[in-house]
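Each chain is listed here by its residues.
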Amino acid sequence: MSKQPEQAVSTGAAFATRAVHAGHAPDPQTGAHVQPIYATSTFSYGTAERGARLFAGEESGYFYSRLSNPTVRAFEEKVASLEGAADAVAFGSGMGAASAIALTFLKSGDEVAFMGPLYGGTEGLLRGILGRFGVTVHDAADLNDLKRVVNEKTRLVWLESPTNPTLRVVDLNAAADIAHAVGALVVVDNTFSTPYLTRPLELGADLVMHSATKYLSGHGDVIAGVVAANADLSAELRLHGLRHVGSVLGPFEAHLLLRGMKTLPLRMEAHCAGAHALAEVVKDHPAVQAIHYPGLPQHPGHDLAARQMNGKFGGLVSLDLGTQEAAWRFLNALKLFTQAVSLGDVESLSSHPASTTHQLLGEETLARQGVTPGLVRLSVGIEDAADLIGDVRQALEAGGRPH
Ligand SMILES: Cc1ncc(COP(=O)(O)O)c(C=O)c1O
């Protein structure tokens, strides 16, 4: 894989420095200080001999943007640097990344275990599609259950922490030990934590995936995915999951991601502070039957989160308002929290998972996983925390209280 001509930042630099500089350096030809957008589908290789060498992998270089593009490559290198990975592979969406992992590493007869809930689309892929290809999927309730369901056929153990939308904190290190004991690969969807809070590869994961649509972009203007891993797994994923499947990230989106990721540490600090302040204030409101925020000491995963999330707790807060009617009244009364799926944008967003992102899982699965009809998910943006708290308070007064 082609490298940028010169790296401006060493691997030993601090996270915030790498967020700004990793993956790109001033363009050697023009001096352009921001990574240029290479809007080209193909690259001239000049001679037939060089073309053959490029295709055989005997020479590295760009030749077709489905396989690699300099703007996209800069994004991949920035993600790899922040996740502490040898390499990363970009995809056209988070689901593109997830399906590329499945198509690259699974074959008929294999088994997959996951600890639900996962993002609804990922569970849809695992439960709804893989079975058609002869892959057996197990949904483990907790670590003991995971130990029970894994076996020598388990090829992937799929984890998310905190989980979407219930914000359960999963002990990644312990789950990785269970998976590795049977020779399985560990996939961690790190969308909710971001590498600013959690670096799953340091905790034993083999593949870290993101919906880069969310915090990595941060501005709600991109659909993108990425997977970070060691060199061998990344090469396999690039060959099969990208080259032969084709969920490709475009250079314009990569440009937006590169810009967004420069402020990831600043944004994450603001998201975490805002969510924490909101959770502290609304936790005792009479309309709130349960609150899920790992930053609150009463959250069952609080101590684990404190260790696993760099002492911070993320920007998502989920509230259970008891019934779907109360949840919908609350959502309809919010003014600053736009009702929309997605999360991790600078703007605050709100959603009702049971009737939107997780609807296809069906009532029985949702009930088992705690995705109750009264659950609302708040993605706390970087607006002033007092304004956000005021908005949630007025919406609880206006709509959340059951009649
Ligand atoms: C945790 C998580 N993983 C994966 C995805 C899928 O990503 P995308 O929408 O970029 O395909 C999402 C989307 O909401 C998500 O929240």
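Attention here is on the structure that accompanies the text.

What counts as what
Residues numbered from 1 in each chain as written. Predicted model: local features only at pLDDT ≥ 70, side-chain atom pairs only at ≥ 80, totals over all residues. Heavy atoms only, no water. Pairing = 2+ DSSP bridges. Helix = DSSP H or I, 4+ residues; strand = E, 2+ residues; numbered from the N terminus. Contact = heavy atoms within 4.5 Å. Axes fitted to C-alpha atoms, helices over the stretch in contact; angles between N-to-C directions. Near = heavy atom within 4 Å. Polar contact = N/O pair within 3.5 Å; in protein donor to acceptor, adjacent residues only side chain to side chain. Areas by Shrake-Rupley, 256 points an atom, 1.4 Å probe, with all protein chains shown as cover. Nonpolar A, V, L, I, M, F, W, Y, C, P; charged D, E, K, R; others polar. Phe/Tyr/Trp six-rings, centres within 6.5 Å; stacked < 30°, edge-to-face > 60°. Buried < 20%, exposed > 50% of the residue type's maximum accessible area, 1.4 Å probe, protein only.

## Some details on the sheet that holds strand β10 (residues 338-339)
To summarise the sheet geometry, strands pair through backbone hydrogen bonds and adopt either a parallel or an antiparallel arrangement.
No. 1: An order of β8-β9-β12-β11-β10 is seen for the 5 strands of this open sheet, with the pairing classed as mixed. The sheet terminates laterally at β8 (290-292) and β10, the two strands that pair on one side only.
No. 2: Two elements, strand β9 (residues 316-320) and strand β12 (residues 375-379), share 5 bridges in a ladder whose sense is antiparallel. Bridge assignment links Val 317 to a residue of β12, and that residue is Leu 378.
No. 3: On the sheet, helix α11 (residues 264-282) packs against β8, β9 and β12 and is oriented at approximately 20° with respect to β9.
No. 4: The sheet strands contacting helix α13 (residues 324-333) are β9, β10, β11 (349-351) and β12, and the helix crosses β12 at an angle near 30°.

## Some thoughts on the site of the ligand
No. 1: Close contacts around the ligand come from 14 residues, with Met 95, Asp 189, Ser 211, Thr 213 and Lys 214 the closest.
No. 2: Here an oxygen atom of the ligand and a side-chain polar atom of Ser 211 are 2.8 Å apart.
No. 3: When isolated, the ligand has an accessible area of 390 Å², and the protein chains bury 92% of it.
No. 4: Looking at the shell around the ligand, its residues break down into 5 nonpolar, 6 polar and 3 charged.

## Observations regarding the packing of aromatic side chains
No. 1: Within the structure shown, the criterion is met by 3 aromatic pairs.
No. 2: Aromatic pair Phe 55 and Phe 63: ring centres 4.5 Å apart, planes at 45°, arrangement tilted.
No. 3: When its relative accessible area of 46% is taken as the criterion, Phe 55 is described as partly exposed.
No. 4: By relative accessible area, which is 11% here, Phe 63 ends up buried.

Honestly, it's all geometry; don't read function into it.
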